[in-house]
Amino acid sequence: MTTPVELIERAQVLAGSCGRPDLAERLRAVRQRIDSRSVRVLVVGEAKKGKSSLVNALVGAPVCAVADDVATVVPTVVRHGAAPRATLVLGDGDGTENRVDVALDTLAARPPGAGAGGPEPARVEVELPRRVLEGGLEIVDTAGVGGVGADEEAGTMIVHASSSGHSKRRRSRDPSTTRRMRTKSEVGR
Ligand SMILES: Nc1nc2c(ncn2[C@@H]2O[C@H](COP(=O)(O)OP(=O)(O)O)[C@@H](O)[C@H]2O)c(=O)[nH]1
Ligand SMILES: [Mg+2]
């Protein structure tokens with residue numbers, strides 16, 4: 001019987017031969033998630049609902065920017081590490097990544113931005129020595145769903161997720177958004 005991993009590998013080959021490196025990259029990420037022992041939980045929802053505040057509260061550190069306007073531009077992945085550190089991951093769109101160390105205490109004040117003409121920031125990775133993260137839990141603060149480009153970003157991140165949690169405060173979500181997000185959660189399982 002064909003296993004899911006074999007199916008993914010076949011699909012990767014097909015995506016490559018059909019000139020779809022973007023699809024091949026997403027399948028590679030899915031394959032990586034299957035192999036990984038960590039559990040990645042996404043915090044997903046509309047902008048300004050308290051997602052970043054929730055992540056900061058869970059890990060006990062201001063590692064995600066919080067603001068009255070839209071502050072989260074790229075996702076922040078928070079996982080366990082022996083010492084606190086933050087890395088900005090820059091991607092050029094074809095799967096190549098550059099990693100740049102950033103000072104942890106700058107993350108709360110301003111989200112990392114793109115250098116002039118340089119590669120776009122893909123995500124921030126934060127490591128913290130926290131007991132809650134020790135077992136392999138990774139918490140991802142995402143940009144708000146519903147803004148320009150944000151749906152695409154959340155959809156891409158859900159491919160990397162083991163689970164997703166919705167942050168909902170003050171305003172109720174319209175039914176079409178709820179349906180869309182439920183579909184994305186199912187894709188992430
Ligand atoms: N009243 C209230 N405001 C909150 C709470 N959590 C966050 N906020 C505020 O809501 C705004 C948006 O928060 P943020 O965490 O950046 O939301 P995000 O865009 O969903 O990540 C900020 O001004 C926060 O101070 C809460 O529990 N209660
Ligand atoms: Mg935010």
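Residues numbered from 1 in each chain as written. Chains lettered and ligands numbered in written order. Predicted model: local features only at pLDDT ≥ 70, side-chain atom pairs only at ≥ 80, totals over all residues.

### Observations concerning the site of ligand 1
Taken together, 14 residues form the shell around ligand 1, and within it Gly 50, Lys 51, Ser 52, Ser 53 and Val 66 come nearest. By residue class, the composition of the shell around ligand 1 is four nonpolar, six polar and four charged. (Near = placed C-beta within 6 Å. Nonpolar A, V, L, I, M, F, W, Y, C, P; charged D, E, K, R; others polar.)

### Looking at helix α1 (residues 4-17)
Residue pairs three or four apart in sequence face the same way in an α-helix, which turns once every 3.6 residues. For α1, which comprises 14 residues, the first-to-last C-alpha distance of 20 Å matches the rise-based estimate of 20 Å (1.5 Å per residue) to within 8%. Of all 14 residues that make up α1, zero are buried, and the element is exposed over most of its length. In the segment just after α1, Gly 19 is the residue with positive phi, at about 70 degrees. (Helix = DSSP H or I, 4+ residues; strand = E, 2+ residues; numbered from the N terminus. Expected span 1.5 Å × (residues − 1). Buried ≥ 20, exposed ≤ 12 C-beta atoms within 10 Å, placed from the backbone.)

### As for the packing of α1 against helix α2 (residues 21-35)
In the contact formed by α1 and α2, the axes pass within 8 Å of each other and the chain directions differ by 160 degrees. It follows from the interaxial angle that α1 and α2 lie roughly antiparallel. The two elements α1 and α2 meet at a crossing, and its hand is left-handed. For the pair formed by α1 and α2, the contact residues are Val 5, Ile 8, Ala 11, Gln 12, Ala 15 and Gly 16 on the first element and Leu 23, Ala 24, Leu 27, Arg 28, Val 30, Arg 31 and Ile 34 on the second. The class makeup of the residues in the contact of α1 with α2 is nine nonpolar, two polar and two charged. (Axes fitted to C-alpha atoms, helices over the stretch in contact; angles between N-to-C directions. Parallel < 35°, antiparallel > 145°, perpendicular 65-115°, else oblique. Left-handed = near helix turned anticlockwise from the far one by under 90°. Contact = placed C-beta atoms within 7 Å.)

### Considerations on the nonpolar core
Looking at soluble globular proteins, one finds that nonpolar side chains tend to be buried together. Membership of the largest hydrophobic core comes to 21 residues, with the highest contact counts inside it found for Val 78 and Val 126. Counting residues per element, the ones that place at least two in this core are β1 (39-44), α3 (51-59), β2 (76-80), β5 (120-128) and β6 (137-141). (Core = buried A, V, L, I, M, F, W, Y, C linked by C-beta atoms within 7 Å.)

Any functional reading would require information that these geometric values do not contain.
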